[in-house]
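# Observations on chain architecture
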Amino acid sequence: MREDLEAAYADLRRAMVESQIRQRGVRDPRVLAAMAKVPRHRFVPPPLEPFAYADTPLPLGHGQNLTQPFLAAFMTHVLEIKPGDKVYETGTDTGYHAAVLAEMGAEVYSVEIVEPLLKVARRLLPELGYDKVRLRGADGYNGWAEHAPYDAILVKESSVDIPPPLLRQLKPGGRMMIPLGPPEGQQFLTLVTKNPDGTVRQKRYFAVRFAPFQGGERT
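Within every chain, residues take consecutive numbers counted from 1 along the sequence as written. Given that the model is predicted, a residue must reach a pLDDT of at least 70 before its local features are reported, and side-chain atom pairs must reach 80 or more before they are shown or counted; all residues, however, enter totals for whole chains, interfaces and linings. Water and hydrogen atoms were dropped before computing side-chain values, which therefore reflect all heavy atoms in the structure.

### A short note on the pattern of salt bridges
Opposite charge on two side chains permits them to pair, given that their charged atoms come into close proximity. Whenever Lys or Arg places a side-chain nitrogen within 4 Å of a carboxyl oxygen from Asp or Glu, that contact is recorded as a salt bridge. Overall, the coordinates contain 11 salt bridges when judged by the stated rule. The salt bridge partner of Arg30 is Asp28, with a shortest N-O separation of 3.9 Å. Judged by relative accessible area, which is 16%, Asp28 ranks as buried. A salt bridge links Arg42 to Glu127, with the shortest nitrogen-to-oxygen separation between them at 2.3 Å. Taken together, the residues span a long stretch of sequence, with Arg42 in the loop between α2 (29-37) and β1 (58-61) and Glu127 in helix α5 (residues 115-127) at a distance of 85 residues. Via salt bridges that share partners, Arg42, Arg123 and Glu127 belong to a single interconnected network. A 1.4 Å probe rolled over the protein chains alone gives each residue an accessible area, and that area as a share of the maximum for its type sets the label: buried under 20%, exposed over 50%, partly exposed in between. Here a strand is any run of E in DSSP of at least two residues, a helix any run of H or I of at least four, and the numbering for each starts at the N terminus.

### Some remarks on the environment of Gln186
In this fold, Gln186 is placed in the loop between β7 (170-180) and β8 (187-194). Every residue pair with non-hydrogen atoms within 4.5 Å of one another is taken to be in contact. With residues up to four places along the chain from it excluded, the contact list for Gln186 reads Leu180, Gly181 and Ala207.

### Details of the environment of Val114
Note that Val114 resides in the loop between β4 (107-112) and α5. What makes Val114 buried here is its relative accessible area of 11%. In the structure, Val114 is positioned 24 residues away from Ala138 in sequence and 8.2 Å away in space, judged by C-alpha atoms. The residues contacting Val114, other than those within four sequence positions of it, are His62, Gln64 and Gln214.

### Focus on the nonpolar core
Ranked by internal contacts, the top residues of the largest apolar core, which has 51 residues, are Ile21, Met35, Ile81, Leu125 and Met177. Broken down by secondary-structure element, the contributors of at least two residues to this core are α1 (2-21), α2, β1, α3 (69-79), α4 (96-103), α5, β6 (150-154) and β8. For this core, the element with the highest residue contribution is α3, accounting for seven residues. Residue contacts for Met35: discarding those within four places in its chain leaves Arg13, Met16, Val17, Ile21, Pro69, Ala73, Tyr96 and Val100. In terms of nonpolar packing, the next biggest core, distinct from the first, is built from 18 residues, Tyr88, Leu166, Ile178 and Val192 among them. We define a nonpolar core as any set of buried Ala, Val, Leu, Ile, Met, Phe, Trp, Tyr and Cys residues linked to one another through side-chain atoms lying within 4.5 Å.

Take a look at the structure:
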């Protein structure tokens, strides 16, 4: 029965949070609660549902992957998302990370350039109760200026440098999480904090590998 299957997935989510996330140092109770609630298995292709809570990224098709659970939790934890924060996200994929942010009370604006994935997100997020997430089909590099400024920006594509449009759209005191580095070279997950005078502070974490922005006009 589907009810039994959903109960089993809930158990797997709790185990995922404990073994993959909490034990690796993510202790923000709101991040943990959101990761334990959002049904990750709904955001992957049906044949991959049994693997949704494994400690690995999962292919979504179209050359895109759903981020590893720990990495999604870590980026959210470091951004210190608070209820009511306005958050811009690049790389919606099928909407999983947007759902986590919305579950934490954020006002989410998310863009995705791959139309079939965006179509899934447009269906799934309202179906799961996250109907206030704003979605847009676009390359994420230039941001979403009409809703700026943002308290936090979550970038899930790599960039050699901090994209100037995103920095302009970040509030003073705002935080941006971004993988910095060349497409085929060493990238580091980096927290960028915007100072009141517009300068930035950077804190580098660990090496990652993300695909670069896929296109769109650079401004």
